[in-house]
Amino acid sequence: MSYIDAVQSRRTFAIISHPDAGKTTLTEKLLLFGGAIREAGTVKGKKNTKHAVSDWMEIEKQRGISVTSSVLEFKYNSYHINILDTPGHEDFSEDTYRTLTAADSATMLIDTAKGVEAQTKKLFKVCKMRGIPIFTFMNKLDRQGRDPFELMEELEELLGIRSYPMGWPIGMGQSFSGVYDRINQKLELYNPDNPKDIDIIQLSGPDDPKLDEAINDEGLVSQFREELELLDVAGDPYDLNLIKSGELTPIFFGSAISSFGVQTFLEHFLSLSPSPSPRKSSTGEIDPLTNEDFSGFIFKIQANMNPAHRDRVAFLRITSGTFERGMAVNHVRLGKQMKLTQPTQFLAQSRNIIDKAYPGDIIGLFDPGTLRIGDTLVQNNTFEFAEMPHFSPEYFSTITVKEALKHKSFEKGIHQLTEEGAIQLFKTYNRFAEQQIVGVVGVLQFEVLEYRLKHEYKVDIQLERLPFTLARWVTGDEDALTVFKKTQRNLVTDRDQRIVALFENDFQMRTAADKYPDITFHENSYTQ
Ligand code: GDP
């Protein structure tokens, strides 16, 4: 296979959803289609684990390095697909956001009974910021859910995205009979007694009498026809450019648990979603199709929880060129050459040493401590990819070391954990007594922090929760900033000395925004 074919056959995407929407189930069905696994029940969700940190640590130890929170790879027809797994349950963290920066598109999975939920909204925002295409899968049609029109309205109201239903359901829950594919005029029939037995009928259009024969429920069929007409007249037109720029989301309907609608979704998704896209760098865009020199960036670092093996794995997303085992690359930040000797690819079930990989692929590099999130590795060049953003934490605590003598180990430990991206470290700004403040996206990270500092650095810490729930990176012209800095109390600096304002809630933040119209409040450090 030529290099260009290898690039064009790749699809790297993430599934974003709220816990329980069916992400594990959908992922598993996709892997089954691709033949990457043979039976259901192989992909493990994490929700069965309790919220206790000790359990979480145990799991990580047993697994060594968590495979489920990296990437799942499978082939389908001529496509090579990488699903980036976004930890979405109790270990929700900034990692989840950062993983999305390695995706070229996203699939938003929604439980039709629940609609757009909190976590989906947060993850959606990150995808929107990147302008990547977003596909929507409305799941659990076998159960009574909300009216599809209402769900479309919700996408627009809560997420600000318009939608184009690629298919339209006939009935729902007890009356669920199938989904009509608006693009190919195919009717996929649902058989509740044997959901795996899917009949597909080619129609000439929604008025085809074959539809009446197949469904045999006059009321349902006429309702479906009316709805489809309404969609044709009042709905958004199909616009591939808007889909590609992430402004229009194609909607698919199905039931992941019964594999219903999954294959149709997969096939449309593969034909509409982008192959590995160009990335911004210090020397302009790096397009994988025109740059055959290897380059990539680190988007995630995972420590091995087993104290006997202190090594870490750095996950690199390949941006351009062919990766070959043992190759020498420039570690641009350090200005050093490094050899990539033991690269690992994380397949559905096992870790394999790999010899070759292409743009869109994710490789795991064993890291003795020289790699950081956002680092660029590149062959024959010295450019750097755009900085990896920091996202607003939701929980904040002051952090102090219990024994002053352990100060050095403490500093080393929190520095390390900051680099891994598990926590963000801030310092109070302009206070008499400077304090360090830790911010995390998921509350479990506090416990992980305590545990790891104790076990890996032999340091006991004290955390004191602060009432803040939002961080905003602030920018503005000098005069405005000077006034703002003088009058605001809850200011901190991040590790790059940027000014960040902390707020207890949205209302407080909006009040400040109204009071200081010349200051911009950024949700992440990206937009600086
Ligand atoms: P995750 O938390 O998003 O990974 O969700 P899971 O895939 O673990 O699914 C959550 C629950 O929803 C499980 O009990 C699944 O069996 C169930 N589920 C997933 N897909 C469907 C579906 O299409 N229909 C129904 N009725 N249940 C589903």
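Predicted model, so just to flag it, every value in this text is computed and none were measured.

### Details of the confidence of the model for the chain
Thinking step 1. Of the residues in the chain, 88% reach a pLDDT of 70 or more, and the chain-wide mean stands at 88.
Thinking step 2. Ignoring residues within four places in sequence, the model shows residues 45-56, a span with pLDDT below 50, making 17 contacts including any to other chains.
Thinking step 3. Predicted confidence for residues 62-69 stays below pLDDT 50, and this span has 14 contacts to residues more than four positions away or in other chains.
Thinking step 4. If you check the scores for this complex, the pTM reads 0.89 and the ipTM reads 0.99.

### Observations concerning the site of the ligand
Thinking step 1. Taken together, 17 residues are adjacent to the ligand, and Gly22, Lys23, Thr24, Thr25 and Ile257 come closest.
Thinking step 2. With three residues, helix 2 (residues 23-33) is the single largest residue contributor to the shell around the ligand.
Thinking step 3. By residue class, the composition of the shell around the ligand is four nonpolar, seven polar and six charged.

### Quick word on the sheet that holds strand 1 (residues 10-17)
Thinking step 1. Strand order in this open sheet of seven strands is 2-3-1-4-5-11-6, and the pairing throughout is mixed. In the strand order of this sheet, the two ends are held by strand 2 (71-76) and strand 6 (162-165), each with one partner. The average undirected angle you get between the axes of adjacent strands in this sheet is 30 degrees.
Thinking step 2. In this structure, strand 1 lies alongside strand 4 (residues 105-111), joined through five bridges in parallel fashion. Bridge pairing in strand 4 places serine 17 opposite leucine 109.
Thinking step 3. The strands touched by helix 10 (residues 262-272) within the sheet are strand 1, strand 2, strand 3 (79-84), strand 4, strand 5 (134-139) and strand 11 (248-253), with strand 11 carrying the most contacts at an inclination of about 160 degrees.

### A word on unusual backbone geometry
Thinking step 1. Positive phi, close to 80 degrees, is recorded for aspartate 20, a residue that is not glycine.
Thinking step 2. Structurally, aspartate 20 is set in the loop between strand 1 and helix 2.
Thinking step 3. The residue lysine 458 is not glycine, and still its phi comes out positive at about 55 degrees.
Thinking step 4. Here lysine 458 shows up in the loop between helix 12 (444-457) and strand 27 (461-466).

### Side note on helix 5 (residues 118-130)
Thinking step 1. The terminal C-alpha atoms of helix 5, which comprises 13 residues, lie 19 Å apart, in line with the 18 Å expected from a rise of 1.5 Å per residue.
Thinking step 2. For helix 5, the set of buried residues is Thr120, Leu123, Phe124, Val126 and Cys127. Seen end-on, helix 5 carries its buried residues on one side only, within an arc spanning 160 degrees.
Thinking step 3. Those residues of helix 5 hidden inside the fold are in contact with strand 1, helix 4 (94-100), strand 4, strand 5 and helix 6 (148-159).
Thinking step 4. Phi turns positive one or two residues past the end of helix 5, at glycine 131, with a value near 70 degrees.

Each value, and the rule that gives it
Residues numbered from 1 in each chain as written. Predicted model: local features only at pLDDT ≥ 70, side-chain atom pairs only at ≥ 80, totals over all residues. pLDDT = per-residue confidence, 0-100. Contact = placed C-beta atoms within 7 Å. Near = placed C-beta within 6 Å. Helix = DSSP H or I, 4+ residues; strand = E, 2+ residues; numbered from the N terminus. Nonpolar A, V, L, I, M, F, W, Y, C, P; charged D, E, K, R; others polar. Pairing = 2+ DSSP bridges. Axes fitted to C-alpha atoms, helices over the stretch in contact; angles between N-to-C directions. Expected span 1.5 Å × (residues − 1). Buried ≥ 20, exposed ≤ 12 C-beta atoms within 10 Å, placed from the backbone. Arc of directions from axis to C-beta.

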